[in-house]
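Listed below are the residues making up each chain.
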2 protein chains.
Amino acid sequence: MEYPDLTFDERGLITAVVQQFDTLEVLMVAWMDAEALRRTAESGRTWFWSRSRQAYWNKGETSGHMQIVKEIRYDCDGDTLLLLVDQVGVACHTGERSCFYRAMYPVPGDGAAKTNESTDGIPLS
Amino acid sequence: MEYPDLTFDERGLITAVVQQFDTLEVLMVAWMDAEALRRTAESGRTWFWSRSRQAYWNKGETSGHMQIVKEIRYDCDGDTLLLLVDQVGVACHTGERSCFYRAMYPVPGDGAAKTNESTDGIPLS
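Calculation criteria
Residues numbered from 1 in each chain as written. Chains lettered and ligands numbered in written order. Predicted model: local features only at pLDDT ≥ 70, side-chain atom pairs only at ≥ 80, totals over all residues. Heavy atoms only, no water. pLDDT = per-residue confidence, 0-100. Contact = heavy atoms within 4.5 Å. Least-squares fit on C-alpha atoms with pLDDT ≥ 70 in both. Core = buried A, V, L, I, M, F, W, Y, C linked by side-chain atoms within 4.5 Å. Buried < 20%, exposed > 50% of the residue type's maximum accessible area, 1.4 Å probe, protein only. Buried area = accessible area lost by both parts, 1.4 Å probe. Salt bridge = Lys/Arg side-chain N within 4 Å of Asp/Glu carboxyl O. Polar contact = N/O pair within 3.5 Å; in protein donor to acceptor, adjacent residues only side chain to side chain. Helix = DSSP H or I, 4+ residues; strand = E, 2+ residues; numbered from the N terminus. Nonpolar A, V, L, I, M, F, W, Y, C, P; charged D, E, K, R; others polar. Pairing = 2+ DSSP bridges. Disulfide = S-S within 2.5 Å. Axes fitted to C-alpha atoms, helices over the stretch in contact; angles between N-to-C directions.

Asker: How should I be thinking about the confidence of the model for chain A in this particular structure?
Answerer: Close inspection of predicted coordinates is inappropriate in any region flagged by low pLDDT. Residue and element names in this part refer to chain A. Of all residues in chain A, 85% have pLDDT values of 70 or greater, and the mean over the chain is 89. The low-confidence segment residues 112–125, where pLDDT is below 50, has 31 contacts with residues more than four positions distant or belonging to other chains. With a pTM of 0.87, the predicted complex shows an ipTM of 0.87.

And the structure:
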């Protein structure tokens, strides 16, 4: 399988941003190689490449928190994918719905900071 | 300036996903190093590191299509940033509002494919 419009990096990887298809919340970012992308397109479930474990992983395979793929988009450079999915359960291993549950800017305590109970911000230092 | 909760890769870089703060459209993905992040937090405008040009770039500096930073979030691993911005004009150098204006899945022509005038999809091959 070839992806003529995609550019994989020197490690053979491409960044994959995963977004909930209806609320448009960004859930997580992970990596794919061509084989992970092929498995994702064939199964309609997300597969990624773990750089730390050097292994494929099927999101939700053990937790049940799978991602049902609705659409795969790619950017102008062809070096990033945007997957619109329906996330079953939660995306983050911490139990949060999204991996992006912390904010660092605006600096918490700043008058401009948003109130957000899930924000565990740190000051810029 | 230090970012104790962030992990920069072996190149000193971190992935930055840029999302329109109100519509939640994902606009683009680029790279930052600690200095680009510092400039972004200080100026409230996005700065990135160009891997191809090996130089900093201030989004919109020449085009006027700047990004006004509303919030910077970071993920559970601390290796990806999510910037919520107000995009002036368009994010993509092609003139599209978002860099993710093309879809590759579902395969165009498939009954499940969404109608989207801006979609210039390619079949999986």
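There's plenty left to go through after this.
Asker: Even after reading the chapter, I still don't get the relation of the copies chain B and chain A, so can you show me in this structure?
Answerer: Between the two copies of this chain, the relationship is a rotation about some axis together with a displacement along it. Superposing chain B onto chain A takes a rotation of 180° plus a shift of 0.0 Å along the axis, which leaves an RMSD of 0.0 Å. Considering both components of the superposition, the chain copies are consistent with a two-fold axis. In terms of C-alpha distance to the rotation axis, chain B has B:Leu24 as its closest residue, with the C-alpha 2.9 Å off the axis. Most of the interface of chain B is mirrored in chain A, where 100% of its interface residues again form contacts.

Asker: Would you mind showing me how to read the nonpolar core here?
Answerer: The nonpolar side chains of a soluble globular protein tend to be buried with one another. A:Met32, A:Leu81, A:Met104, B:Met32, B:Leu81 and B:Met104 are the most contacted members of the largest nonpolar core, which has 64 residues in total. Once you skip the residues sitting within four places of it in the chain, A:Met32 turns out to touch A:Phe8, A:Gly12, A:Leu13, A:Ile14, A:Ala16, A:Leu37, A:Thr40, A:Trp47, A:Phe48, A:Trp49, A:Leu81 and A:Leu83. One finds A:Leu13, A:Trp31, A:Trp49 and B:Trp31 within the second-largest nonpolar core, a separate group that totals 6 residues.

Asker: Would you mind going over the interface of chain B and chain A with me for this structure?
Answerer: Facing the 53 residues of chain B at the interface are 53 residues of chain A. Of the roughly 4300 Å² buried between chain B and chain A on both sides combined, carbon and sulfur atoms contribute 59%. Where chain B meets chain A, there are 4 salt bridges. Here A:Arg51 ties to B:Asp79 by a salt bridge, and the two come within 3.5 Å at their closest N and O atoms. Our enumeration of links across chain B and chain A arrives at 20 residue pairs in polar contact (both at pLDDT 80 or more). Only strand E1 (14–20), strand E2 (26–32), helix H1 (34–43), strand E5 (67–74), strand E6 (80–87) and strand E7 (102–105) of chain B provide two or more residues apiece to the side of chain B that touches chain A. Per-element tally for the side of chain B that touches chain A: the top contributor is E5(B), with 6 residues. Looking at the side of chain B that touches chain A residue by residue, the classes come out as 27 nonpolar, 12 polar and 14 charged. Note: strand E7 (residues 102–105) of chain A against E5(B), 3 bridges, orientation antiparallel. If you follow A:Ala103 over to E5(B), its bridge partner there is B:Arg73.

Asker: Please clarify how the state of the cysteines should be interpreted in this entry.
Answerer: Throughout this description, disulfide means a covalent bond between two cysteine sulfur atoms. The full count for this structure, using the stated rule, is 0 disulfides over all chains. You can see B:Cys92 has no disulfide; the closest cysteine sulfur is in A:Cys76, sitting 3.6 Å from it. What makes B:Cys92 buried here is its relative accessible area of 3%.

Asker: Is there a simple way to explain the sheet that holds E7(B) in this structure?
Answerer: Whether parallel or antiparallel, the strands of a sheet pair through hydrogen bonds between backbone atoms. In space, the 5 strands of this open sheet follow the order E2(A)-E1(A)-E6(A)-E5(A)-E7(B), with mixed pairing throughout. Two strands close off the open sheet at either side, each with one partner strand: strand E2 (26–32) of chain A together with E7 of chain B. Shown here is a sheet whose adjacent strand axes are inclined to one another by a mean of 30°, direction ignored.

Asker: How should the pattern of salt bridges be read in this particular structure?
Answerer: Side chains carrying opposite charge are able to pair once their charged atoms draw close together. All names here are of chain A. All told, the structure shown has 16 salt bridges over all chains when counted by the stated rule. The salt bridge partner of arginine 73 is glutamate 71, with a shortest N-O separation of 2.5 Å. Residue glutamate 71 is classed as buried on the basis of its relative accessible area, which comes to 6%.

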